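Geometric and topological summary
If you want the building blocks of each chain, they are given just below.
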Amino acid sequence: MKNILVIGATGQIGSELTMELRKRYGNAQVVCGYINGAEPKGELKESGPSAIVDVTDGNAIEEVVRTYRIDTIYNLAALLSVVAESKPRLAWKIGIDGLWNVLEVARSRGCAVFTPSSIGSFGPETPHVMTPQDTIQRPRTMYGVTKVTTELLNDYYHTKYGVDTRSVRFPGIISNVTLPGGGTTDYAVDIYYAAVRGERFVCPIQEGTLMDMMYMPDALNASIQLMEADSQRLVHRNAFNIASMSFAPETIYGEIRKHLPDFEMVYEVDPLKQAIAESWPDCMDDSCARNEWDWKPQYDLESMTKDMLEKLTARLKGVK
Ligand code: SER
């Protein structure tokens, strides 16, 4: 039986991943690890165990892992790209010192570890179209520096100590439950909220700027499917390119307008976000993930948009 700890379980991905893991493995089997000030609420709180787990505190991680006999850790604690630029030291402390703590506990207690990387692990010299799995990375952002380091440290713990580390490079994740905070790709979430509220959307990313994006259900499936994959088939580990759709602001705007023809968007480009976006891939080649663990996304821009608008409309009207 699996006993799972999710660190960062009240964040954008963590809040939905925890619920999905509980659905698949049983409520009592999945511990929601959160920090002070980001307590779980509602269903997330009520459906299973929770514990305070600050990733920067190795002893706290060790204690929860021991108490709940954890064998798998999903470590989602991180600052996103824009915030990390204003708090680089904290980004490193959470992303890398924190990862070190997680890996040390995993090494001593035999846990498997999933810690996501990102499209942010690539940089301006990376081939931008069909970015290969193995290629130059050299990111310029602190977020990217921590993500490349995450990949390397994960691989190191696997080859040196045999820790079962696995990871994906997430595109921008689009979801309708918990908002992301301080990422470059957040506009692709915010645009849906503006559309459903009937507000004009001010887009911080310039027309024509392509980035990989993914709908949350596919991101959750990818994470769980990779952790379940047959290790004999894995040539790579940290971290797999995964892709499902790539679009520029005008394309997602056009898709939303098919449903809400009066929706308006204007551009007010944020120079920091724009520079970060331009340094990231236009679209990644995810054939290694497809070949090594049968990765296959379910959603494209059209089906995601339909679902996002339906769910958000129901939520904003107070219907669940
Ligand atoms: N969504 C992240 C960001 O924009 C990228 O992985 O920072």
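Up top is the structure.
Residues numbered from 1 in each chain as written. Predicted model: local features only at pLDDT ≥ 70, side-chain atom pairs only at ≥ 80, totals over all residues. Heavy atoms only, no water.

It is worth spelling out the pattern of salt bridges at this point. The final tally for this structure, using the stated rule, is 14 salt bridges. With a closest N to O distance of 2.8 Å, Arg-166 and Asp-164 form a salt bridge. On the basis of relative accessible area, Arg-166 is assigned to the buried category, the value being 3%. Among the residues examined, Asp-164 registers a relative accessible area of 25% and is labelled partly exposed. Within this structure, Glu-20, Lys-23 and Arg-24 form a network of salt bridges that share partners. (Salt bridge = Lys/Arg side-chain N within 4 Å of Asp/Glu carboxyl O. Buried < 20%, exposed > 50% of the residue type's maximum accessible area, 1.4 Å probe, protein only.)

A word on the site of the ligand. In the vicinity of the ligand, the contacting residues are Leu-80, Ser-81, Ser-118, Tyr-143, Gly-183, Thr-184, Thr-185 and Trp-280. Ser-81 places a side-chain nitrogen or oxygen 2.6 Å from an oxygen atom of the ligand. A distance of 2.6 Å separates an oxygen atom of the ligand from a polar atom in the backbone of Thr-184. If the ligand stood free it would expose 240 Å²; the protein chains cover 94% of that surface. Among the residues forming the shell around the ligand, the class breakdown is three nonpolar, five polar and no charged. (Near = heavy atom within 4 Å. Polar contact = N/O pair within 3.5 Å; in protein donor to acceptor, adjacent residues only side chain to side chain. Areas by Shrake-Rupley, 256 points an atom, 1.4 Å probe, with all protein chains shown as cover. Nonpolar A, V, L, I, M, F, W, Y, C, P; charged D, E, K, R; others polar.)

Read from one edge to the other, the open sheet built from three strands follows the order E10-E12-E14, with strand pairing classed as mixed. Edge positions in the sheet fall to strand E10 (172-174) and strand E14 (245-247), since each of these pairs with one other strand and no more. Each strand of the sheet is rotated relative to its neighbour by a mean of 40 degrees, with strand direction disregarded. When strand E12 (residues 211-215) meets E14, the two strands line up antiparallel, connected through three bridges. If you follow Met-211 over to E14, its bridge partner there is Phe-247. Packing against the sheet, helix H12 (residues 301-316) makes contact with E10, E12 and E14, and its axis sits at approximately 85 degrees to E14. (Pairing = 2+ DSSP bridges. Helix = DSSP H or I, 4+ residues; strand = E, 2+ residues; numbered from the N terminus. Axes fitted to C-alpha atoms, helices over the stretch in contact; angles between N-to-C directions. Contact = heavy atoms within 4.5 Å.)

Moving on, we come to the packing of helix H9 (residues 249-259) against H12. Running from N to C, H9 and H12 point in directions that differ by 55 degrees, and their axes come no closer than 10 Å. Here H9 is positioned oblique relative to H12, judged by the angle of their axes. Here H9 runs over H12; the crossing is right-handed. Here Thr-251, Ile-252, Glu-255, Ile-256 and His-259 of H9 come into contact with H12, specifically with Leu-301, Glu-302, Thr-305, Lys-306 and Leu-309. Residue composition of the contact of H9 with H12, grouped by class: four nonpolar, three polar and three charged. (Parallel < 35°, antiparallel > 145°, perpendicular 65-115°, else oblique. Left-handed = near helix turned anticlockwise from the far one by under 90°.)

Next up on the list: the side chain of Gln-274. Of note, Gln-274 is situated in helix H10 (residues 271-279). In this view, Gln-274 contacts Pro-204, Ile-205, Gln-206, Thr-209 and Val-269; residues no more than four positions away in its chain are not counted.

Take the nonpolar core next. Formed by 63 residues in total, the largest nonpolar core has its most connected members in Ile-174, Tyr-187, Tyr-192 and Phe-247. In terms of residues, this core owes the most to one element, helix H7 (residues 187-197), which gives nine residues. Leaving out residues up to four positions away in the same chain, Tyr-192 has contacts with Ile-174, Ile-252, Ile-256, Leu-301, Met-304, Thr-305, Met-308, Leu-309 and Leu-312. (Core = buried A, V, L, I, M, F, W, Y, C linked by side-chain atoms within 4.5 Å.)

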